[in-house]
Number of protein chains: 2
Amino acid sequence: MKKIINDPETVVTDSLRGLAAAHSDLLRVEYDPAVVVRADAPVRGRVAVISGGGSGHEPLHGGFVGQGMLDAAVPGAVFTSPTPDAVQAAVNATTTDAGALLIVKNYTGDVLNFETAGELASADGLDVRSVVIDDDVAVADSTFTAGRRGVGGTVLLEKIAGAAAGRGDRLDDVEAVARKVIGQVRSIGVALTAPTVPHVGEPSFELGPDEIEFGIGIHGEPGRERIPAEPADALVSRMLDALVEDLPFHQGDDVLLFTNSMGGTPLLELYLAHGIAERLLGERGINVRRRLVGPYITSLEMQGISLTLLRLDDELTDLWDSPVNTPALRWGV
Amino acid sequence: MKKIINDPETVVTDSLRGLAAAHSDLLRVEYDPAVVVRADAPVRGRVAVISGGGSGHEPLHGGFVGQGMLDAAVPGAVFTSPTPDAVQAAVNATTTDAGALLIVKNYTGDVLNFETAGELASADGLDVRSVVIDDDVAVADSTFTAGRRGVGGTVLLEKIAGAAAGRGDRLDDVEAVARKVIGQVRSIGVALTAPTVPHVGEPSFELGPDEIEFGIGIHGEPGRERIPAEPADALVSRMLDALVEDLPFHQGDDVLLFTNSMGGTPLLELYLAHGIAERLLGERGINVRRRLVGPYITSLEMQGISLTLLRLDDELTDLWDSPVNTPALRWGV
């Protein structure tokens, strides 16, 4: 294993020091326990939007802390859920009488630890709610999950919930729009190579030189099947079939298309896949109204991509378009 | 070779279709020859800033077309210089009486082809100048280069020259500030793995499981030496030694620090390296006033990083801070 790190035990903390140094205008970092907090938090009257999970998926979640998105992110060890006390520290650093919404990806450890933290916060008299996102259509249950996994839709959910909080919505309304996003978003991923977790030191799985894992999870969890490598047209078509039939998306729907790199895929290939997806959705009569293309929810250096479709209405479109200023997403400011 | 492509022969064109679909508000793409053009070009009275080079380094250059940066980008085949007629098409699509500045990375093919295009444009009566950037301190001559290679400093140069053109500077002044950047910027890169060019089909070089190429080029050209893998503190220190002693940078200097991923390095590691670089520069009394962290000039899926230092004065700082709206860099708008 070759990595640009000092010690697998301190890799998350060491990386957070770089994040804090690079973006001190947007956020601050607390180290014990590790929490990334929006620079101006807490703000009285504004609902706090908080997320977190294992590290190794950067820029998720710390790269989305800032104006119009997250108030705090709680980074666990690599591919490991954050502890309840870390989530609680994030709540305490950001939450006022307006309350907080916790955005939880559906992995067993995350759900348990965020739930425990939410109960501790409630005992302290804070109004803290949780939503669990489970947008991955690949498989029903998985290595770390009962039910579907939370993947690419999380990025869109964090943007839209953060925008709702930012315009002054009350907690009931922020929660409601978050649940709407969860109901309208679906994702599917593929992997060409495996990631290597620093404290493990070897690849998470083995893939043959001509194999693709179809339906990969963001921790390298198995998908639906191993398929032979195929041209991008066929692969993207296969991914869209899985997505469109799941919700299902219909002819005439307006959607946001999010083409995501798992980390190691060159932008050259990512835009190529995005172009194919736009063309194929157009052929189905599905209207791509908004796009996001880039490495936003990754699995360390894994090569692969995911596609996420969110069905849009006017409210979700407006919230998506509203200004955001974070290390990884920035527009309108 | 596993890649998300249809055909090595069409990979650049296929990828440009995705870029055009994703960012039609910012740019348009011409396909024969391939040129990425800012949506509002040509604008009378504004100097056109144009760059280009082999593909495979995305988001460089097409991802930097837009407000406050490039008017056009000319993508060659992967790791192959664009032809003179493609550069000429970019000039013709963007250049008015205000003239154009061509930003050329110092590779023999690029220099020749941009020079030829510039001569053709001059014969057409257009005022077209070129600057050649050669910021890589690693080696004096290289596989595709007489003199030093142009690498990470190119990103900063394109931003600052584009800002100067955007505020209405005349061609003399845009050229002058570009030459100032070239005089004040230095870069160094390292590789942990090799990239695979689609039409070649196998890795560009071989590295042992515990070897790092110190001073790598962005096409996988050899650097200064192969070194054993070492902790990030030692590696970043070695990189900064090479940079600081070259210009040299002095105690008390104000700098922009650009920590760049070569494509395949996780953001977790990239921010970790950035944090170390900020700390070590601080210990030297060099003041990091601005930062850029991310994959901005890549070498396909190569794992590795580069560090770029630009000495700042008030003018360069103001131009850096001014609004930019491109697919890959966006702030202030």
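For every chain, the first residue of the written sequence is number 1, and numbering continues from 1 onward in sequence order. By the order in which they are written, chains take letters starting at A while ligands take numbers starting at 1. Only residues with pLDDT of 70 or above have their local features reported here, since the model is predicted, and side-chain atom pairs are shown and tallied only from 80 upward, although totals for entire chains, interfaces and linings are computed over all residues. Values shown for side chains rest on all heavy atoms present in the structure; no hydrogens or waters enter the calculation.

Caption draft 1: Unusual backbone geometry, seen in detail. Residue His61 of chain A is reached from Leu60 of chain A by a cis peptide bond, and omega for that bond is -10°. One can find His61 of chain A in the loop between strand S3 (48-55) and strand S4 (72-78). In the segment running from Glu58 of chain B into Pro59 of chain B, the intervening peptide bond is cis, with an omega of 10°. We note that Phe79 of chain A has phi near 55°; this positive angle belongs to a residue other than glycine. Going along the chain from the N terminus, every DSSP run of H or I of four or more residues is numbered as a helix, and every run of E of two or more is numbered as a strand. Inspection of the secondary structure puts Phe79 of chain A in the loop between S4 and helix H2 (84-94).

Caption draft 2: Examining the domain arrangement of chain A more closely. All names here are of chain A. Split into domains, chain A comes out as domain 1 (10-135) and domain 2 (185-324). Here the C-alpha centroids of domain 1 and domain 2 sit 25 Å apart. Only heavy atoms matter for contacts: two residues are in contact if any of them lie within 4.5 Å across the pair. Contacts between domain 1 and domain 2 engage 16 residues on the former and 18 residues on the latter. As used here, buried area is the combined drop in accessible area, with a 1.4 Å probe, of two parts when they are placed together. With both sides pooled, the region where domain 1 packs onto domain 2 buries about 1400 Å², and carbon together with sulfur makes up 65% of that total. The largest share of the area that domain 1 buries against domain 2 comes from His57, Phe79 and Asp135, three residues that together contribute 40% of it. Any N or O atom pair separated by 3.5 Å or less is treated as a polar contact, with the protein-specific requirement of one donor-capable and one acceptor-capable atom, and with residues adjacent in sequence counted only for side-chain atom pairs. Across the contact surface, domain 1 and domain 2 share 6 residue pairs in polar contact (both at pLDDT 80 or more). As a working rule, the residues Ala, Val, Leu, Ile, Met, Phe, Trp, Tyr, Cys and Pro are called nonpolar, Asp, Glu, Lys and Arg charged, and the rest polar, with Gly in that last group. Of the residues that constitute the side of domain 1 that touches domain 2, the class distribution is 9 nonpolar, 4 polar and 3 charged. Per the annotation, domain bounds derive from an automatic or database assignment of domains.

Caption draft 3: Inspection of the sheet that holds strand S2 (residues 34-38) of chain A at higher detail. All names here are of chain A. With respect to topology, 6 strands assemble into an open sheet ordered S1-S2-S4-S3-S5-S6, the strand pairing being mixed. Edge positions in the open sheet fall to strand S1 (27-31) and strand S6 (128-133), since each of these has one partner strand only. Strand-to-strand twist in this sheet, taken as the mean axis angle between neighbours without regard to direction, amounts to 20°. Lying on the sheet, helix H3 (residues 108-123) is in contact with S3, strand S5 (100-105) and S6; it crosses S5 at an angle near 165°. Following DSSP output, two strands are said to pair if at least two bridges run between them. To define axes, lines are fitted to C-alpha atoms, for helices over the stretch in contact only, and angles between the resulting N-to-C directions are given on a 0 to 180 degree scale.

Caption draft 4: Geometry of the interface of chain A and chain B. Of the residues lining the interface, 53 residues belong to chain A; the matching set on chain B comes to 53 residues. Sorting the residues of chain A by area buried against chain B places Lys2, Ile4 and Leu268 of chain A first, and these three jointly supply 22% of that buried surface. Salt bridges are counted wherever a side-chain nitrogen of Lys or Arg sits within 4 Å of a carboxyl oxygen of Asp or Glu. Across the contact surface, chain A and chain B share 2 salt bridges. Two residues, Glu269 of chain A and Lys3 of chain B, come together in a salt bridge whose shortest N-O distance is 3.6 Å. Counting across the interface, chain A meets chain B through 24 residue pairs in polar contact (both at pLDDT 80 or more). Broken down by secondary-structure element, the contributors of at least two residues to the side of chain A that touches chain B are helix H1 (11-22), helix H6 (232-244), helix H7 (267-283), strand S11 (287-294) and strand S14 (330-331) of chain A.

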